[in-house]
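Listed below, chain by chain, are the residues.
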Amino acid sequence: MTNALTVVQSVEASLWQREETIRAILPDSMDLRRFVKTTMIALSKNPDLQRCTQESIVRSIIEAASVGLEPTGMLNRAWLVPYNNKKKDANGKEYWENEAQLAIGYEGLIDLSRRSGEVRKVTARVVYEGDEFTIAQGTEERLVHVPAFLTEDPLKITHVYCIVTYRDGTTQHEVMTRTQVDGVRAKAKAKNAMAWTDSYPEMARKTVVRRAMKYLPLTPEVIEAVARDDEREFGLVPTVTPAVTARTTSLRESIKAQAEEIEGAAVEVEPDESAPEPTEPEPQPTKCGSLSDPALGDIEECSLAPDHLDVTGSKRRHRAPSGSVWPA
């Protein structure tokens, strides 16, 4: 079985083989060596991601380079997410395959929204029970939020809002209620994933920023990136206007060409015999909702209903806290 060190080495070799292409799409403000190094560090720390196909990992990293975001998960900007996707072989037989996809966080969306130069600042905040929160609409719109700092319990979030400040000093705001955010979550393919269960405030911010972006002046590349993120999260087919399509064709074709080249062309890297053999971590019970390989078997200590879907979209065997097993 390919160990983690070999996976990282192989992916890194594939990226450097495509150095010219990545340099061409990476923003001038970003250093290629830093981009590759930080991405490889993030990959080496994620066993679930290492089980994904190499071509999907490389393809997602190239996509991250095209929008100028390091897929490391730092500062809620962007990261790679492993998905277990159902596929069919040449004979029509279905099988499951782990694939990596680029996910953009709310800070990443804010970063992208400022690329046009027309947006000076984007702020996204959540409102908790006990906060003073007032919205005035009409000819003179106004939003006032005075935090009470009584709680940071995600269950006590009542609203989330986004304020956009343009270069000329004018502002615009978008507000969503808790019910509206939960409605968006209900449509997501991974609504029970850790991003929502463990980081609800951040996902709420991302939701309102994504809604605010509909009226922002965005570059064609940003529109394309947001459309791909929508497709990943909600299964939506990216749609852009003919004008935008004409301006982004070269970028899409470049990524497509790289994907076709990567497909089935994994780079074999011999393990470095001088390097110490990586030690396998002690097996830990897998909590339901974590990103894990279905081949690992039962999910232990699941507190959710026995018929719910886990993050892979599949029903699995679950162990209740009492020790009994819920059949899939």
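As shown above, the structure is provided for reference.
First, a word on what this report is: a plain description of the structure on this page.

With that settled, consider the overall build of the protein. From N to C terminus, the protein includes 11 helices and nine strands. Restricting to contacts in the protein with at least 6 residues of sequence separation, those with at least 24 account for 59%. In the structure as shown, the protein presents an accessible area of about 18,200 Å², 50% of it carried by carbon and sulfur atoms.

So, about helix H10 (residues 220-234). With 15 residues, H10 ought to run about 21 Å at 1.5 Å a step, and its terminal C-alpha atoms sit 21 Å apart, in line with that. Among the 15 residues that make up H10, 12 are buried, leaving the element largely enclosed by the rest of the structure. Buried within H10 we find Pro220, Val222, Glu224, Ala225, Val226, Ala227, Arg228, Asp229, Asp230, Arg232, Glu233 and Phe234.

Of note in this structure, Phe149 is not a glycine but carries a positive phi near 55°. Checked against the element boundaries, Phe149 lands in the loop between strand S5 (142-146) and strand S6 (157-166).

Right, let's talk about the sheet that holds S6 for a bit. What the three strands build is an open sheet, ordered S3-S6-S7; its pairing is antiparallel. The outermost strands of the open sheet, each flanked by one partner alone, are strand S3 (119-128) and strand S7 (171-177). Here the strands of the sheet are splayed against their neighbours by 15° on average, with no regard to which way each runs. As judged from the seven bridges shared by S6 and S7, these two strands associate in the antiparallel manner. By the bridge assignment, Val164 is partnered in S7 with Gln172.

With that settled, the discussion passes to helix H6 (residues 106-113). Counting buried positions along H6 gives six out of eight residues, so the element sits mostly inside the fold. Where H6 is concerned, the buried positions are Tyr106, Gly108, Leu109, Ile110, Leu112 and Ser113.

Turning next to the packing of H6 against helix H9 (residues 200-212). Geometrically, a packed helix pair is captured by the angle between its two axes and the distance between the axes. It is at 8 Å that the axes of H6 and H9 come closest, and there the two elements cross at 30°. Compared by their axis directions, H6 and H9 come out roughly parallel. Within the contact between the two elements, H6 uses Tyr106, Leu109 and Ile110 and H9 uses Glu202, Arg205, Lys206, Val209 and Arg210.

Time to look at the pairing of strand S4 (residues 132-136). Strand direction decides the pairing type here: S4 and S5, joined by five bridges, are antiparallel. Bridge assignment links Thr134 to a residue of S5, and that residue is Val144.

What follows deals with the side chain of Thr123. Mapped onto the fold, Thr123 is located in strand S3. Of the residues examined, Thr123 reaches a relative accessible area of 14% and is grouped as buried. Non-local contacts of Thr123, meaning those with residues more than four positions away in its chain, are made with Tyr161, Cys162 and Ile163.

Now for the nonpolar core. With 58 residues, the main nonpolar core has Val11, Leu15, Phe35, Met40, Ile57, Ile61 and Val209 as its most contacted residues. A total of seven residues in this core trace back to one element, the largest contributor, which is helix H5 (residues 54-67). Every residue in contact with Leu15, bar those within four places of it in the chain, is listed here: Ile22, Val36, Met40, Val58 and Ile61.

Calculation notes
Residues numbered from 1 in each chain as written. Predicted model: local features only at pLDDT ≥ 70, side-chain atom pairs only at ≥ 80, totals over all residues. Heavy atoms only, no water. Helix = DSSP H or I, 4+ residues; strand = E, 2+ residues; numbered from the N terminus. Contact = heavy atoms within 4.5 Å. Areas by Shrake-Rupley, 256 points an atom, 1.4 Å probe, with all protein chains shown as cover. Expected span 1.5 Å × (residues − 1). Buried < 20%, exposed > 50% of the residue type's maximum accessible area, 1.4 Å probe, protein only. Pairing = 2+ DSSP bridges. Axes fitted to C-alpha atoms, helices over the stretch in contact; angles between N-to-C directions. Parallel < 35°, antiparallel > 145°, perpendicular 65-115°, else oblique. Core = buried A, V, L, I, M, F, W, Y, C linked by side-chain atoms within 4.5 Å.

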